[in-house]
Amino acid sequence: MNRKITIVLLVIATLAISFAAMKGLSSLKESPKKNLDKKKLPLVKVEAVKYNEISSPIVEKGRLASNLEVNLSSEVAGRIVEAGVPLKVGQKFKKGQLLIRIYEEDAKMDLRALKSRFLNKLAENLPDIKVDYADNFEAWMNFFNAINLEESIPELPKVKSDQEKVFMASRNILGDYYAIKSAEVKFDKRKIYAPFDGSYAEVNTQIGSVAGMGTKLAGIIESNNLELQVPIESKEISWLSLNEKVDILDSDGEVIFTGKLVRKSDFVDEGTQSISVFIKLEKTNGNELYQGQFLTACFNGKKIANAMEIPRNAVFSSNKVFVVEGGILKEKEIKVIKRNENTLVFNGLKEGEMLVVEPPVKATENMQVQIKK
């Protein structure tokens, strides 16, 4: 029994000594310093609200198109023959050059035959004219002598009396004359000349094919008279004015020529919900321009008084921003005047307020923040 008691006492003594030793060792260890730094707060970038007059440009891409595009159609039927200018897309030509010629030898012979029969009829009636209408005989004789089978028929002499008019009508001289004039007009339609300096934008036929009446043969454009067609959002169209100067930029943002806003569409494109405006090129600085080329137009827009411009990502819920008051975020509404691609023009806050232009992630009202210096 005494032995058990002794063992228990030894165990208790051993535990007591161990506990005391641990406490003594722990007292030797330095106590950790208390974290005296304040909790790190989110940093925000702010700008003091200050209103000025702002020039807010509109920058949009557009496509170059010819101001004048013409479809060449055949008004007579016949085989297309060589005209001099190749019927090829992109082929350039000068004003007045023969573009398309329809075989005309058969029509030329028919026209000569009409004139020949007309001369024969006049020759048969000249003696009667000399007797009955002697005062006008010289005019008819000169007209007869002026008719050339290879040239256009001259103007018909003026009839001096009703009796003379009846005579000409009864002999069908007037009818035959105007039949020749009509044939000459149709004959001239066998040749199509260039109405301006330009090039072929579309070709639907070739040498040797037969053109039918009303057939579209080709499409041509005036290559020296290009316009830039730019789609503008309907809500921004009111910022543009006719005749205002427009800078045209290349892909590097460099101004390559200037233009003038000459037209605005009065309808909205159903697909894009935009309104097309047209810029006439004025100064090209020697740069080559091509139909269908895409370029960027920079419109000056209008001056906006009493406004400020900030990044669009500073605004949330369409028209709300944060301001810092005493190190705390406060939510406020602004009046949006104009939205640009990356910025927004507004007013509605008091000048001097600290507007957050780079809000922190998951920003909420009453969040404590630090202003980035």
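This structure is a prediction, so every number in the text was calculated from the model and none was measured.

What counts and how
- Residues numbered from 1 in each chain as written.
- Predicted model: local features only at pLDDT ≥ 70, side-chain atom pairs only at ≥ 80, totals over all residues.
- Heavy atoms only, no water.
- Helix = DSSP H or I, 4+ residues; strand = E, 2+ residues; numbered from the N terminus.
- Contact = heavy atoms within 4.5 Å.
- Buried < 20%, exposed > 50% of the residue type's maximum accessible area, 1.4 Å probe, protein only.
- Pairing = 2+ DSSP bridges.
- Phe/Tyr/Trp six-rings, centres within 6.5 Å; stacked < 30°, edge-to-face > 60°.
- Salt bridge = Lys/Arg side-chain N within 4 Å of Asp/Glu carboxyl O.
- Core = buried A, V, L, I, M, F, W, Y, C linked by side-chain atoms within 4.5 Å.
- Axes fitted to C-alpha atoms, helices over the stretch in contact; angles between N-to-C directions.
- Parallel < 35°, antiparallel > 145°, perpendicular 65-115°, else oblique.
- Left-handed = near helix turned anticlockwise from the far one by under 90°.
- Nonpolar A, V, L, I, M, F, W, Y, C, P; charged D, E, K, R; others polar.

Enquirer: What exactly am I supposed to notice about the overall build of the protein here?
Expert: A tally of regular secondary structure across the protein gives five helices and 23 strands. Within the protein, contacts between residues separated by at least 24 positions form 73% of all contacts whose residues are at least 6 apart in sequence.

Enquirer: Sorry, what's going on with the environment of V336 here?
Expert: Along the chain, V336 turns up in strand β20 (residues 335-339). Note on V336: relative accessible area 24%, which makes it partly exposed. The spacing of V336 and V315 is 21 residues in sequence and 9.9 Å in space, taken between C-alpha atoms. Apart from the residues lying within four places of it in its own chain, the contact partners of V336 are S318, N319, L344, V345 and F346.

Enquirer: Sorry if this is basic, but what is going on with the sheet that holds strand β11 (residues 216-221) here?
Expert: The strands that make up a sheet pair up through hydrogen bonds in the backbone, lying either parallel or antiparallel. Pairing is antiparallel across the open sheet formed by four strands, whose spatial order is β4-β11-β9-β6. Among the strands making up the open sheet, the edge pair consists of β4 (69-73) and β6 (92-93). Examined bridge by bridge, β6 and strand β9 (residues 198-203) share two bridges and lie antiparallel to one another. Within the sheet, the bridge partner assigned to K92 lies in β9 and is S199.

Enquirer: Mind showing me how you'd approach the sheet that holds strand β5 (residues 78-81) here?
Expert: Across the sheet, four strands lie side by side as β8-β7-β5-β10; this open sheet has antiparallel pairing. Among the strands making up the open sheet, the edge pair consists of β8 (191-193) and β10 (210-211). Pairing geometry for strand β7 (residues 98-102) and β8, over three bridges, is antiparallel. Bridge assignment links R101 to a residue of β8, and that residue is K191.

Enquirer: Explain the packing of aromatic side chains here, please?
Expert: Two descriptors summarise a pair of aromatic rings, namely the distance from one centre to the other and the angle between the planes of the rings. Scanning all chains against the criterion turns up nine aromatic pairs. Seen in terms of ring centroids, F118 and Y177 are 6.3 Å apart; in terms of plane orientation they differ by 50°. Their pairing is tilted. One end of the pair, F118, is in helix α2 (residues 105-132); the other, Y177, is in helix α5 (residues 173-188), and 59 residues separate them in sequence. Take F118 and Y177: they sit in the same class, and that class is buried.

Enquirer: So what exactly am I meant to see when it comes to the pattern of salt bridges here?
Expert: Pairing between side chains of opposite charge can happen when the charged atoms of each approach one another. Using the criterion set out here, one finds 14 salt bridges in the structure. For R263, the salt bridge identified is with E227, shortest N-O distance 2.9 Å. Highlighted residues: R263 in strand β14 (residues 255-264) and E227 in strand β12 (residues 226-233), separated in sequence by 36 residues. One salt-bridge network, in which partners are shared between bridges, spans E325, K332 and E353.

Enquirer: What is the right way to look at the pairing of strand β21 (residues 343-347) in this model?
Expert: Judged by how many residues are buried, β21 sits mostly within the fold: four of five residues are covered. Here strand β17 (residues 303-311) runs beside β21; their pairing, made up of four bridges, is antiparallel. Of the residues in β21, the one forming a bridge with I310 is L344. Where β20 meets β21, four bridges bridge the pair, whose relative direction is antiparallel. Within the sheet, the bridge partner assigned to K335 lies in β21 and is N347.

Enquirer: Help me out: how do you make sense of the nonpolar core in this one?
Expert: Soluble globular proteins tend to pack their nonpolar side chains together in the buried interior. Counting 26 residues, the largest nonpolar core has I279 and F299 as its most contacted members. Dropping the residues within four chain positions of it, I279 is found in contact with L226, E227, L228, V230, V246, I248, G259, K260, L261, A297 and F299.

Enquirer: Teacher, can you tell me more about the packing of α2 against helix α3 (residues 137-146) here?
Expert: Put simply, α2 and α3 touch, their axes get as near as 10 Å, and they point 160° apart. The orientation of α2 with respect to α3, classified from their angle, is roughly antiparallel. Between α2 and α3 lies a crossing whose hand is left-handed. Contact residues: α2 offers F118, L119, L122, A123, L126, I129 and K130, while α3 offers F137, W140, M141, F143 and F144. Partitioned by chemical class, the residues of the contact of α2 with α3 number 11 nonpolar, no polar and one charged.

Taken by themselves, the reported measurements are silent on function.
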